Amino acid sequence: MLRRRNRANTAKSFATVDITPMRPNWQAGQEPGLDPSKPNGGRTEVPTFHEQCQITVVDFSEDNMVGYELDNEQLIQFLDMKQESWVKCRWINVNGLSWDVIQALGQYKKLHRLAIEDMINTANRTKADWYADHTYMVLTLQKLIHLHPDADDSDSDDGDMDSIRRPKRSRFSKFIRNMFSGSRSKRKYQEKHMIAGVHDPANGFVTGHTEGVSEPHLQNLKTLQRYHGGPNKERMEFMEKHSPLTTRKYAVSAEQVSIFLTSDNTVISFFETSADDIEEPILQRLRTPDTILRQSCDASMIVQAILDAIIDLAIPVATAYQDVIGDLELDVLTQPDLKHTTSLYVITSEIMTFRGFVNPIVNLINALRDHKGATVAVGMGSARSDTTKNAKTVNLSSMAQTYLGDVEDHIILITESLDQMRRACDNMIDLIFNTMTAYTNETLKQLTNITIIFLPMTFLTGYFGMNIEPFPALHHGESYFWIIAVPVAIVTVLFLMRDSIRWWLTKHVQRRGITRRRKGRLEREAEAHKAAEAKRRF
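Residues numbered from 1 in each chain as written. Predicted model: local features only at pLDDT ≥ 70, side-chain atom pairs only at ≥ 80, totals over all residues. Heavy atoms only, no water.

Visitor: Tell me what's going on with the overall build of the chain, and back it up with residues and numbers.
Guide: Check the secondary structure of the chain and you find 16 helices and nine strands. Burial statistics for the chain: of 538 residues in total, 41% are counted as buried. The contacts of the chain with a sequence gap of at least 6 include a subset with a gap of at least 24, amounting to 72%. For the chain, the accessible surface area stands at approximately 32500 Å², while carbon and sulfur atoms represent 55% of it. (Helix = DSSP H or I, 4+ residues; strand = E, 2+ residues; numbered from the N terminus. Buried < 20%, exposed > 50% of the residue type's maximum accessible area, 1.4 Å probe, protein only. Contact = heavy atoms within 4.5 Å. Areas by Shrake-Rupley, 256 points an atom, 1.4 Å probe, with all protein chains shown as cover.)

Visitor: Which residues make up the packing of helix H2 (residues 99–109) against helix H3 (residues 113–120), and what are the values?
Guide: For the pair H2 and H3, the least separation of the axes is 11 Å and the interaxial angle reads 155°. For the element pair H2 / H3, the angle class is roughly antiparallel. Crossing of H2 against H3: the hand is right-handed. Here Trp99, Ile102 and Gly106 of H2 come into contact with H3, specifically with Ile116, Met119 and Ile120. Looking at the contact of H2 with H3 residue by residue, the class counts come to five nonpolar, one polar and no charged. (Axes fitted to C-alpha atoms, helices over the stretch in contact; angles between N-to-C directions. Parallel < 35°, antiparallel > 145°, perpendicular 65-115°, else oblique. Left-handed = near helix turned anticlockwise from the far one by under 90°. Nonpolar A, V, L, I, M, F, W, Y, C, P; charged D, E, K, R; others polar.)

Visitor: Mind laying out the nonpolar core, listing which residues take part and the relevant values?
Guide: Core analysis: the largest hydrophobic core is formed by 70 residues, its most contacted members being Ile306, Tyr321 and Phe354. Counting residues per element, this core draws most heavily on helix H11 (residues 299–334), at 20 residues. With 28 residues, the next largest nonpolar core counts Cys53, Val94, Leu97 and Ala104 among its residues. (Core = buried A, V, L, I, M, F, W, Y, C linked by side-chain atoms within 4.5 Å.)

Visitor: Pulling in residues and values, what's your account of the packing of aromatic side chains?
Guide: Each aromatic ring pair is summarised here by two numbers: the centre-to-centre distance and the angle between the ring planes. Under the definition given, this model contains five aromatic pairs. Each ring, one from tyrosine 136 and one from phenylalanine 260, has its centre 4.9 Å from the other, and the planes form 40°; the classification is tilted. Here phenylalanine 260 lies in strand E8 (residues 250–262) and tyrosine 136 lies in strand E5 (residues 134–148), a separation of 124 residues in the sequence. This pair shows no difference in class: tyrosine 136 is buried, exactly as phenylalanine 260 is. Centroid distance tyrosine 227 to phenylalanine 357: 5.5 Å. Interplanar angle 70°. Geometry classified as edge-to-face. Of this pair, tyrosine 227 sits in helix H6 (residues 224–228) while phenylalanine 357 sits in helix H12 (residues 339–358), and the two are 130 residues apart along the sequence. Phenylalanine 357 carries the same exposure label as tyrosine 227, and that label is buried. Aromatic rings pair up to connect Tyr136, Phe260 and Phe270 into one cluster. The residue whose ring lies beneath arginine 498 is phenylalanine 495, and the NZ or CZ to ring-centre distance is 4.6 Å. (Phe/Tyr/Trp six-rings, centres within 6.5 Å; stacked < 30°, edge-to-face > 60°. Lys NZ or Arg CZ within 6 Å of the ring centre and 35° of its normal.)

Visitor: Give me the lowdown on the confidence of the model for the chain, citing residues and values where you can.
Guide: In low-pLDDT segments, the atomic positions of the prediction should not be examined closely. Summarising the model, the chain shows a mean pLDDT of 80, and 79% of its residues fall at 70 or more. In the model, residues 1–22 has pLDDT below 50 throughout and makes five contacts with residues more than four positions away in sequence or in other chains. Note on residues 152–169: pLDDT is under 50 here. Beyond four places in sequence and across chains, it has 22 contacts. (pLDDT = per-residue confidence, 0-100.)

Visitor: Mind laying out helix H14 (residues 398–464), listing which residues take part and the relevant values?
Guide: Across its 67 residues, H14 extends 99 Å between first and last C-alpha, which sits within 8% of the 99 Å expected from 1.5 Å per residue. Bending of H14 peaks at approximately 40° at the position of phenylalanine 454, with proline proline 456 no more than four residues after it. (Expected span 1.5 Å × (residues − 1). Bend = angle between axes of the 7 residues up to and from the residue.)

Visitor: Describe in detail a nonpolar patch on the surface, supporting the description with residues and values.
Guide: Taken together, the side chains of Trp482, Val486, Ile490, Leu494, Ile501, Trp503, Trp504 and Leu505 present a nonpolar region at the surface, about 810 Å² in accessible area. For the nonpolar patch, the secondary-structure elements that each account for two or more residues are helix H15 (478–496) and helix H16 (498–537). Exposure remark for isoleucine 501: the relative accessible area of 32% places this residue in the partly exposed category. (Patch = residues over 30% accessible without salt bridge, like charges linked within 9 Å, V, L, I, M, F, W, Y side chains within 5 Å. Salt bridge = Lys/Arg side-chain N within 4 Å of Asp/Glu carboxyl O.)

Visitor: Pulling in residues and values, what's your account of the pairing of E5?
Guide: Sheet faces and side chains relate simply in a regular strand, where the side chains alternate between the two faces. Counting buried positions along E5 yields 14 of 15 residues, so the element is predominantly enclosed. In sequence, strand E4 (residues 127–130) turns back onto E5 through a hairpin of three residues. Strand direction decides the pairing type here: E5 and E8, joined by 13 bridges, are antiparallel. Pairing of leucine 139 across the sheet is with valine 257, part of E8. Relative to strand E6 (residues 206–210), E5 is paired through four bridges, and the arrangement is antiparallel. Paired with leucine 147 across the two strands is glycine 208, which belongs to E6. (Pairing = 2+ DSSP bridges.)

Visitor: So what's going on with the pattern of salt bridges? Which residues, and what values?
Guide: As enumerated under the stated definition, the model contains 15 salt bridges in all. Arginine 226 is the salt-bridge partner of glutamate 240, the closest N and O atoms lying 3.0 Å from each other. With glutamate 240 in helix H7 (residues 233–241) and arginine 226 in helix H6, this pair connects stretches of sequence that are 14 residues apart. Comparing glutamate 240 with arginine 226, the two get one shared label, buried. In this structure, glutamate 525 engages arginine 521 in a salt bridge whose closest nitrogen and oxygen atoms are separated by 3.3 Å. Residue glutamate 525 and its partner arginine 521 are both found in helix H16; the two are separated by four residues, about one turn of the helix. Overall, the relative accessible area of 38% leaves arginine 521 in the partly exposed class. Here the salt bridges share partners, and the residues they tie into one network are Asp118, Lys127 and Asp129.

Visitor: An account of the environment of aspartate 264 is needed here, citing residue identities and associated values.
Guide: Tracing the sequence through the fold places aspartate 264 in the loop between E8 and strand E9 (266–271). Distance from aspartate 264 to valine 394, taken between C-alpha atoms, is 8.7 Å for residues 130 residues apart in sequence. Polar contacts involving the side chain of aspartate 264 include one to the side chain of lysine 109, which spans 2.2 Å. (Polar contact = N/O pair within 3.5 Å; in protein donor to acceptor, adjacent residues only side chain to side chain.)

Visitor: Now, about the packing of helix H1 (residues 72–79) against H2: what can you tell me, with residues and values included?
Guide: Two elements in contact, H1 and H2, have axes whose closest approach is 10 Å; the angle formed by their N-to-C orientations is 10°. The angle between H1 and H2 falls in the class roughly parallel. Residues Asn72, Leu75, Ile76 and Leu79 of H1 form the contact with H2, whose own contacting residues are Asp100, Val101, Ala104, Leu105 and Tyr108. Across the contact of H1 with H2, the residue classes tally to seven nonpolar, one polar and one charged.

Visitor: Lay out the side chain of aspartate 118 with the relevant residues and their values.
Guide: As for its placement among the helices and strands, aspartate 118 is situated in helix H3. With near-sequence residues (within four places) excluded, aspartate 118 lies in contact with Asn124, Lys127, Asp129, Tyr136 and Gln256.

Dropping the structure here:
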């Protein structure tokens, strides 16, 4: 009996995409979600991400407000304390993603395991998930940043603005410093390998501060290409290098924002790096007793304020793209070049990516406004259910729904502006190719006209240049050649260019007729106007 041949020797291995950075500790077929009540979240391995988070806890009512600045260990101790009776609303804002903080807050508010898994996976779509006693919202924050030299390439080790603003040196000190520090070779390296002279694409982040804020501070951020570009680093580097924003030392950063709205009037928000940009204006409103946000004591209004601030940060991005496209449009109209198509394609790609993150927030807002709260039924079976019989519903107040409409209007304005800019880029690309095609056709037309004019002379020159005997015409002077060449050239040009000459004459006659009729109409209208004026006077 013959043994069945094994096909193992024909197997081939192919390169795969490493998704570990996007979904840590991920394996196919594993239990969905992360359980905060278990040390490892219910996984075989402990989640590896950990960082020192900046945590702000704000407790407030109509008459009082108290804020706390905590770190990871202090938050765990703070959550063990009982909430004071005067507190009507609590906002916990976390800057950074760390498993110990997420686990503590998940146990504190019994957050759903699927929501925790979505929060850790920083490549989610914009959505709102409704659970028994809380709502989970996830969206993408995008903002305009001003690029600074990377931390490894700067002379300072800290990341504050004081390290960037150095005192001016004299020319002699600059010469001595450049001579002994090798800055010339460093500058050549930057010009060759660095993006905009300040950023090394080998790093996983860029260093910059938010454009337009009152108190800027440096942050390590992901650009739009790094957030959305996927595992293809070569494409990401090329797109960043050729972005029109990069030449101005600007970039668009993107990060995921997760928000929990609980039924006990509490909001928990998670940011990767940009919590301060959202937190400061909201805290300023909460410190003022007569603001709507403070007097309402409504957690859903805190959610509305966060969404509104995120959209406000996106407005400068659209304005920067509009400015860049305006400059490109002037270049295309005055001196079109094929190199402009590369910039237009890159900026079109960024605009579409930017729009793809902003526009779904409309669906998120509509889901929040249209949701009608209903208590979730108790799960059946022996498995532990995530709901309870006394679960409270999560509803947005009517005030929050009203103000969310204003946020939706801002998003629609941004998306319409982005659509208009995208169409303008497409039209400019078409204009570049049409203009260059027209230039090529005009050049070929001129060459054709020159060829037609000199064609008879070329023929006669070849004719009289033949070495045959006897040739009596060769014994005449130079005038004899031109007496023959000029009439032949005129007849040839008139014959070969008859269609062009007929078209030119027809257009000339038509233009003269149109000009004559227009002039006569204007004269008649002027005479009628004078007659009406004279009749009105008398």
